[in-house]
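Breakdown of the fold
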Amino acid sequence: MLDFFTIFSKGGIVLWCFQGAGVTESFTGPVNALIRSVILQERSGNNSFTHESLSLKYKLDNEFELIFVVGFQKILTLTYVDKFIDDVQLHFRDRYKNELDKKGALKLLNNNFEFEDDFKILLREAEESGKARSPVTMRSFKESEKSQKTVKSMIETKGGDKGKEQGGKKTKNTKKDAEPVKGDQGRTSSSGQKMVENGNQGLTPEEAMQKKREEFFRRRVGPTEKNSKSPKPSQKPRGKQMRVWDMGGSSTKDLDYSERNGDGSTNGGEQNQEAQTEGIQLRSMEGDLLPVDYDSSEEEDMEEEEEKVVAGEIPKPGSKKGSSFGGMFGMLKGLVGSKSLTRDDMESALDKMRDHLIAKNVAADIASQLCDSVAKKLEGKVMGTFTTVTSTVKQALQDSLVQILQPKRRVDILRDVMEAQSQRRPFVITFCGVNGVGKSTNLAKISFWLIENGFTVLIAACDTFRAGAVEQLRTHQRRLNSLHPPEQHRGRPVVQLYEKGYGKDAAGIAMEAIAYARNQGFDVVLVDTAGRMQDNAPLMTALAKLIAVNMPDLVLFVGEALVGNEAVDQLVKFNQALADHSMSDKPRLIDGIVLTKFDTIDDKVGAAISMTYITGQPIVFVGTGQTYNDLRSLNARAVVSALMKA
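Owing to the predicted nature of the structure, the values given are computational and were not obtained by experimental measurement.

1. Digging into the confidence of the model for the protein chain
When pLDDT is averaged along the protein chain, the result is 77, and 72% of the positions lie at 70 or above. Counting interchain partners and residues more than four positions distant, the pLDDT-below-50 stretch residues 261-280 has 11 contacts. Note that pLDDT drops below 50 for residues 296-326; the model gives that stretch 18 contacts with residues more than four away or on any other chain.

Structure follows, in structure tokens:
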């Protein structure tokens, strides 16, 4: 039933392994995929992993730094696997505890772990327990709740079933109360009607009397409290005063700029003047982009918090002896004295961390998965003597976040463009995303960065849907060419726009633009696509067609830093649409992320965590403003520092 079972250390040393009968394929591929995709990426919140036709279950032993992995065919439903892997872990720990206490890779290699006999016994017991579980038999009609119902209880009344049941219970209670006094049946029924009218269903006469007394005193006391308040003096509403503008002109002619250029047209002189003005403000962006930085005083804040806690717990000199003992006990209460951490120990700290991440704009599901991953990472670890649980959990979470934000592969666009130059072809980048996130603006920023590094750029206007999209790109092209005049580049414009107007097929325009760039010798082609919501199936199909037909070198998803839970939905559905509508077995998905409007969120940088965690792809560019210079690369430690800041 099982394909394999392996036990190895976090350093990569295989201590023991088992391979099922008839299994010829090596299990190194699935295990290495588990290590790369889950363990190294801090995604161990869920203890299952799927690789091709295999389903893998794993368990971490943090005390001895071990990993237990079992693999079986995913079409099988093995209910005993979770308990079986726990039993194997406990038996292996108990049997080889002395050998595992010896630290060092060489000592582990020298030991011989003969565990096959114990493993087969545990496997046999687990399989028998799985077979022993008889299927749940269907209940008979007499055992069901439906058989207990009577015809009277199934009759629907105007008040509904709930009112009927309450009425039935009330009638029984009133009958029981009325049995001792048979002569006062009329009085009992009349009092019952009054109780129903006053909302006193199910109350005894004493309880109803007590309720009426409370209402009587409330009415008597209420007006006196209101009258005791001193009345506010009546104030007349202030009238609206006219605002007086400083430097205000007395004539509208001062605001008329239409005749400043002679004939009123926007001639090249104004553009050159604007370009010169911007040229003074814009700095050079040659080379790699500057990383995003935060003036975060996280360590200072942490030290201040610890000082406040200690100051609040140390007793005053004039306090009693008992209070001093309580203060010392409170100060030492959170310390862990060389014991193994359990899930209960970390529960309070994890709940606070989860709420903190959600407040920082991390998607709720992602925050829960991160905290579960940290709990599994720390569970069973032996802590130092003077280490608090909260600081340990916080440090582990911080390390996990840094690991998530650091990319699995480096996206070096400048190097890739030079490699494409050596192959005499253009390097193609496609931008996609939802409406209004800043695709065209950040495309222009990336164009400026590429021009500063000596490359020529062709912009393909494939947004044939939004009114003004082509004109916006034409404006950026004109401004970029004014910043880098053709005279400085052998009379050739460094940026050109390839457009066919509106209402055309975007995939066809992109294909023509790439062919034009190859013939004219352009270094980079930037494909601008129309914004689309992730639920719009026709537009998502058109995007998948554009990517499948043209096969760009890089597909960048442009997303806002303002979104929270929506980021997860957008990325999942964009990737799903690209996979569903692709024509190949290995579909082309999102390769990287452009995070925009990063200057508007202060320290609520959780969208970066959500997007990277969902896709596993790096954040290539970060937009931090409105000018061409406001483009940065991601600094993982600075973002995590801002995220963990209180």
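Now that the structure has been shown, the text picks up again.
2. Brief notes about the sheet that holds strand E8 (residues 427-433)
Read from one edge to the other, the open sheet built from 8 strands follows the order E10-E9-E11-E8-E12-E13-E14-E15, with strand pairing classed as mixed. Sheet topology places strand E10 (495-498) and strand E15 (631-632) at the edges, where each strand pairs with a single neighbour. Inspection of the sheet shows strand E12 (residues 554-560) paired to strand E13 (residues 592-596) by 5 bridges, in the parallel sense. Residue pairing for E13: Gly559 is matched across the bridge by Leu595. Packed onto the sheet, helix H15 (residues 413-422) meets E8, strand E11 (524-529), E12 and strand E14 (619-623) and runs at close to 135° relative to E8. Each of E8, strand E9 (457-462), E10 and E11 touches helix H18 (residues 506-520); the most contacted strand, E9, lies at about 165° to it.

3. As for the packing of helix H14 (residues 389-405) against helix H22 (residues 636-644)
Working note: a packed helix pair is described by the angle between its axes plus the distance between those axes. Relative to each other, H14 and H22 sit at 140°, their axes nearing to 9 Å. Classified by the interaxial angle, the pair formed by H14 and H22 is oblique. The way H14 lies across H22 gives a crossing that is right-handed. In this structure, H14 uses Lys394, Leu397, Gln398, Leu401, Val402 and Leu405 to contact H22, whose residues at the interface are Ala636, Arg637, Val639, Val640, Leu643 and Met644. A breakdown of the residues in the contact of H14 with H22 according to their chemical character gives 9 nonpolar, 1 polar and 2 charged.

4. Some details on unusual backbone geometry
The phi torsion at Glu52 lies on the positive side, around 55°, for a residue other than glycine. Topologically, Glu52 is positioned in the loop between strand E3 (48-51) and strand E4 (54-61). Notably, Glu65 is not glycine yet its phi reads approximately 60°, a positive angle. Within the secondary structure, Glu65 is located in the loop between E4 and strand E5 (66-73).

5. Description of the side chain of Gln534
Relative to the helices and strands, Gln534 is located in the loop between E11 and helix H19 (537-550). A distance of 2.8 Å separates a polar atom in the side chain of Gln534 from a polar atom in the side chain of Glu566. In terms of polar contacts, Gln534 uses its side chain to reach the side chain of Asp569, at 2.9 Å. Those residues in contact with Gln534 that lie beyond four places of it in its chain are Val434, Met540, Glu566, Asp569, Gln570, Lys573 and Phe574.

6. Comments concerning the nonpolar core
Counting residues in each nonpolar core, the largest one holds 116 residues, and the members touching the most others are Ile413, Trp449, Leu450 and Phe621. By residue number, the principal contributor to this core is H14, which donates 8 residues. When residues no more than four places from it in sequence are discounted, the contact partners of Trp449 are Met285, Gly287, Asp288, Leu289, Ile413, Leu414, Phe621 and Leu631. By size, the runner-up hydrophobic cluster in this structure holds 27 residues, among which are Leu15, Val81, Phe113 and Ala126.

7. Things to note about the sheet that holds E3
If you trace the 5 strands from one edge of the open sheet to the other, you get E2-E1-E5-E4-E3, paired in antiparallel fashion. At either margin of the open sheet sits one strand with a lone partner, and together these are strand E2 (14-19) and E3. Adjacent strand axes in the sheet meet at a mean angle of 20°, parallel and antiparallel pairs treated alike. The sheet strands contacting helix H2 (residues 81-95) are strand E1 (4-9), E2, E4 and E5, and the helix crosses E4 at an angle near 40°.

8. A word on the UniProt feature "domain: SRP54-type proteins GTP-binding" (unreviewed entry) in the protein chain
Residues annotated by UniProt as "domain: SRP54-type proteins GTP-binding" (unreviewed entry) correspond here to residues 618-631. Within residues 618-631, the helical portion is 0% and the strand portion 43%, while the C-alpha atoms at the span's ends are 16 Å from each other.

9. Overview of the pairing of E2
As paired strands, E1 and E2 are joined by 5 bridges and run antiparallel to one another. Across the sheet, Thr6 pairs through a bridge with Cys17, a residue of E2.

10. What to know about the packing of aromatic side chains
The geometry of an aromatic ring pair comes down to the distance between the two centres and the angle between the two planes. Applying the stated criterion across every chain yields a total of 17 aromatic pairs. Ring geometry for Phe4 and Phe27: centres 5.1 Å apart, planes at 15°, overall stacked. One end of the pair, Phe4, is in strand E1; the other, Phe27, is in the loop between E2 and helix H1 (28-39), with 23 residues separating them in the sequence. The burial state of Phe4 is the same as that of Phe27; both residues are buried. Of the aromatic side chains, those joined through ring pairs into one cluster are Phe5, Trp16, Phe18, Phe68, Phe84, Phe92, Tyr96, Phe113, Phe115 and Phe119. One Lys or Arg, Arg492, reaches over the ring of Phe522 and ends 4.7 Å from the middle of that ring.

11. Overview of the pattern of salt bridges
Counted by the stated rule, this structure contains 20 salt bridges. In this structure, Asp416 and Arg415 form a salt bridge, with 3.9 Å as the shortest nitrogen-oxygen distance. Between Lys545 and Asp505 there is a salt bridge; the shortest N-O distance is 3.5 Å. Linking Lys545 in helix H19 with Asp505 in the loop between E10 and H18, this pair joins segments that are 40 residues apart in sequence. Given a relative accessible area of 41%, Lys545 falls into the partly exposed group. Overlapping salt bridges, with partners in common, bring together Asp61, Glu63 and Arg93 in one network.

12. Quick notes on the side chain of Thr464
Turning to its location among the elements, Thr464 is positioned in the loop between E9 and helix H17 (469-483). Among the polar contacts listed, one links the side chain of Thr464 to the backbone oxygen of Lys504, at a separation of 3.1 Å.

13. Examining a nonpolar patch on the surface
Side chains of Met1, Ile75 and Leu76 sit close together on the surface and give an oily, nonpolar patch of about 340 Å² of accessible area. Counting through the fold element by element, Leu76 comes out in the loop between E5 and H2. The partly exposed category is assigned to Leu76, whose relative accessible area is 30%.

Calculation notes
- Residues numbered from 1 in each chain as written.
- Predicted model: local features only at pLDDT ≥ 70, side-chain atom pairs only at ≥ 80, totals over all residues.
- Heavy atoms only, no water.
- pLDDT = per-residue confidence, 0-100.
- Contact = heavy atoms within 4.5 Å.
- Pairing = 2+ DSSP bridges.
- Helix = DSSP H or I, 4+ residues; strand = E, 2+ residues; numbered from the N terminus.
- Axes fitted to C-alpha atoms, helices over the stretch in contact; angles between N-to-C directions.
- Parallel < 35°, antiparallel > 145°, perpendicular 65-115°, else oblique.
- Left-handed = near helix turned anticlockwise from the far one by under 90°.
- Nonpolar A, V, L, I, M, F, W, Y, C, P; charged D, E, K, R; others polar.
- Polar contact = N/O pair within 3.5 Å; in protein donor to acceptor, adjacent residues only side chain to side chain.
- Core = buried A, V, L, I, M, F, W, Y, C linked by side-chain atoms within 4.5 Å.
- Buried < 20%, exposed > 50% of the residue type's maximum accessible area, 1.4 Å probe, protein only.
- UniProt positions renumbered as here; feature names shortened; annotations may be inferred.
- Phe/Tyr/Trp six-rings, centres within 6.5 Å; stacked < 30°, edge-to-face > 60°.
- Lys NZ or Arg CZ within 6 Å of the ring centre and 35° of its normal.
- Salt bridge = Lys/Arg side-chain N within 4 Å of Asp/Glu carboxyl O.
- Patch = residues over 30% accessible without salt bridge, like charges linked within 9 Å, V, L, I, M, F, W, Y side chains within 5 Å.
- Areas by Shrake-Rupley, 256 points an atom, 1.4 Å probe, with all protein chains shown as cover.

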